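Structural features, examined
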Amino acid sequence: MGVIVKGLGASLPEKVLTNYDLEKMVDTSDEWITTRTGIKERRIAGEDEPSSKFAIAAGKQAIEDAGLKPQDIDAVIVATVTPDMMFPSTGCIVASELRMGDIPAFDISAGCSGFLYGMSIADSFIRSGKAENVLVIGVETLSKITDWTDRTTCILFGDGAGAAVLSRSDEEGILAIEIRADGSKGELLYMPAGGSRMPASEYTVKNRLHYLKMNGREVFKHAVTKMPAISKLALEKAGVDIKDVALFIPHQANQRITVSTGERLGIDMDRVYSNIDRYGNTSAASIPIAWREAYDKGLIKKDDIILLAAFGAGFTWGAAVVKWRKP
């Protein structure tokens, strides 16, 4: 039994927020943002656009791309830190809206590594015989938990969703997946209030504790070491040399992180996919959005080896080596 990626999908808000727009909101500039992050613009969800809207659209496209119907899906896994609500899960909302029936559906929270965590769970579901087709979605509306008065974070994030259908196959497509976490670094990237530790109150609202907080310098330091290291581990487990990787799709966090990771892996930048200039950091959605975009551009051919890697809140990190089986 093998597991392949059978379909991909993506969905993005229509609203575009440029660096020039941000210049009017906080003390920053297009040059400053571009030089330090590589970001030129990002997509922003409207007030009436929850995460589920984009998750449903991306999931539907992935299912259609796989040549399946929603009723063929045996489980839904949604990776997000911005669910519609604490409960029910966004996964349950997606399954209901797509009329999938009473299949397992749930959310996972692993920050920017969430999509790879979801792929790992889906891979295990299929190999254990619990499912034949699993829909994995990474979706975020980070604009809703971004402090638009904090110039160090508001320049970074965007909204959107990406999805993949993983399916049982006679061929092997998922060659290796490795995921890790270190909770001791949690407060370097977190949202203080809104959970059971610090429930919503007048104090938490007044002190802007329902927005994400980040120590950018420390996150950068860990990302540029953990992503290459786990990528090398996944490649070793898959028995693949970096020279045989046709395309590396890293989490789109910061262009400097992408370049540094590529250099440490020893892969040419023309084999590294980046779209951070147009979408910013969409957290769990960034890898599947980039993957679908590269697929649409014809950058992935049958039997190509694709390397995926991410690092995010938790801290969490992971990597996957995938052989592309679609014609």
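Here the structure is a predicted model, which means the values were calculated and not measured. (Residues numbered from 1 in each chain as written. Predicted model: local features only at pLDDT ≥ 70, side-chain atom pairs only at ≥ 80, totals over all residues. Heavy atoms only, no water.)

Looking only at helices and strands, one finds 10 helices and 13 strands in the protein. Taking 20 Å as the expected radius of gyration for a compact globule of 327 residues, we find that the protein reaches 19 Å, a close match to that expectation. For the protein, the spread of C-alpha atoms along the three principal axes comes to 55 × 45 × 35 Å. Looking at the protein as a whole, 56% of its 327 residues are labelled buried. The long-range fraction of contacts in the protein, counting pairs at least 24 apart against all pairs at least 6 apart in sequence, stands at 76%. For the protein, the exposed surface amounts to about 13,900 Å²; the carbon and sulfur share of it is 50%. Considering the protein, the positive charge centre built from 39 side chains and the negative charge centre built from 43 side chains are found 3 Å apart. (Helix = DSSP H or I, 4+ residues; strand = E, 2+ residues; numbered from the N terminus. Rg over C-alpha atoms; globule rule 2.2 N^0.38 Å. Buried < 20%, exposed > 50% of the residue type's maximum accessible area, 1.4 Å probe, protein only. Contact = heavy atoms within 4.5 Å. Areas by Shrake-Rupley, 256 points an atom, 1.4 Å probe, with all protein chains shown as cover. Lys, Arg positive; Asp, Glu negative; His and termini not counted. Charge placed at Lys NZ, Arg CZ, Asp CG, Glu CD.)

As a further point, take the sheet that holds strand 6 (residues 133-141). Overall, mixed pairing links the 5 strands, which are arranged 1-7-6-4-5 in an open sheet. Each edge of the open sheet is held by one strand with a lone partner, namely strand 1 (2-11) and strand 5 (105-108). Strand after strand, the sheet turns through a mean of 20 degrees between neighbouring axes, direction not considered. Across the sheet, helix 10 (residues 286-296) touches strand 1 and strand 7 (159-169), and the angle it forms with strand 1 is around 90 degrees. (Pairing = 2+ DSSP bridges. Axes fitted to C-alpha atoms, helices over the stretch in contact; angles between N-to-C directions.)

The subject of this paragraph is the environment of Glu23. Assignment of secondary structure puts Glu23 in helix 1 (residues 19-23). On the basis of relative accessibility, which here comes to 33%, the residue Glu23 falls in the partly exposed class. C-alpha of Glu23 to C-alpha of Ile33: the two residues are 10 residues apart in sequence and 9.9 Å apart in space. Sequence-distant contacts of Glu23, that is, excluding residues within four places in its chain, are made with Thr28, Ser29 and Asp30.

Further remarks concern the layout of surface pockets. Taken as a whole, the second largest pocket encloses approximately 160 Å³ of empty space. In this structure, the second largest pocket is lined by Lys15, Leu17, Met25, Ile44, Ala45, Gly46, Glu47, Ser143, Lys144 and Trp148. For the lining of the second largest pocket, the residue count by class is 5 nonpolar, 2 polar and 3 charged. (1 Å grid on protein atoms, 1.4 Å probe; cavity = no way out; pocket = protein on both sides within 12 Å on 5 of 7 lines; lining within 4 Å. Points joined across faces, edges and corners; volume = space filled by probe spheres on them. Nonpolar A, V, L, I, M, F, W, Y, C, P; charged D, E, K, R; others polar.)

Moving on to unusual backbone geometry. A negative phi holds for most residues other than glycine; trans holds for most peptide bonds. Omega for the peptide link from Phe87 to Pro88 comes to 5 degrees, which places this bond in the cis form. One can find Pro88 in the loop between strand 4 (75-79) and helix 4 (90-97). Look at the link from Gly314 to Phe315: it is a cis peptide, with omega at -15 degrees. Mapped onto the elements of the fold, Phe315 is located in the loop between strand 12 (305-312) and strand 13 (316-323). Phi at Arg99 takes a positive value of approximately 55 degrees, unusual for a residue other than glycine. Relative to the helices and strands, Arg99 resides in the loop between helix 4 and strand 5. The backbone phi angle of Ser283 is positive, close to 55 degrees, even though this residue is not glycine. With relative accessibility at 3%, the residue Ser283 sits in the buried group.

As a further point, take the environment of Thr141. With respect to the helices and strands, Thr141 occurs in strand 6. With 58 residues separating them in the primary sequence, Thr141 and Pro83 have C-alpha atoms 8.3 Å apart. Beyond its immediate sequence surroundings of up to four residues, Thr141 is in contact with Ala45, Glu49, Pro50, Ser51, Phe54, Thr82 and Asp159.

Below, the discussion takes up the pattern of salt bridges. Following the criterion strictly, the structure yields 24 salt bridges and no others. One salt bridge connects Lys237 with Glu178, and the closest N-O pair in it is separated by 3.0 Å. In this pair, Lys237 sits in helix 7 (residues 216-238) while Glu178 sits in strand 8 (residues 174-181), placing the two residues 59 residues apart along the sequence. A residue is classified by how much of its surface remains accessible, and Glu178, at 11% relative accessible area, is buried. Two residues, Lys221 and Glu218, come together in a salt bridge whose shortest N-O distance is 3.0 Å. With Lys221 and Glu218 both in helix 7, this residue pair falls 3 residues apart, about one helical turn. (Salt bridge = Lys/Arg side-chain N within 4 Å of Asp/Glu carboxyl O.)

Partitioning the protein into domains gives domain 1 (2-170) and domain 2 (176-192 + 202-323). Here domain 1 and domain 2 have C-alpha centroids that lie 14 Å from each other. Contact residues are listed per partner, giving 46 residues for domain 1 and 42 residues for domain 2. Applying the counting criterion to the domain 1 and domain 2 interface returns 2 salt bridges. (Domains from an automatic or database assignment.)

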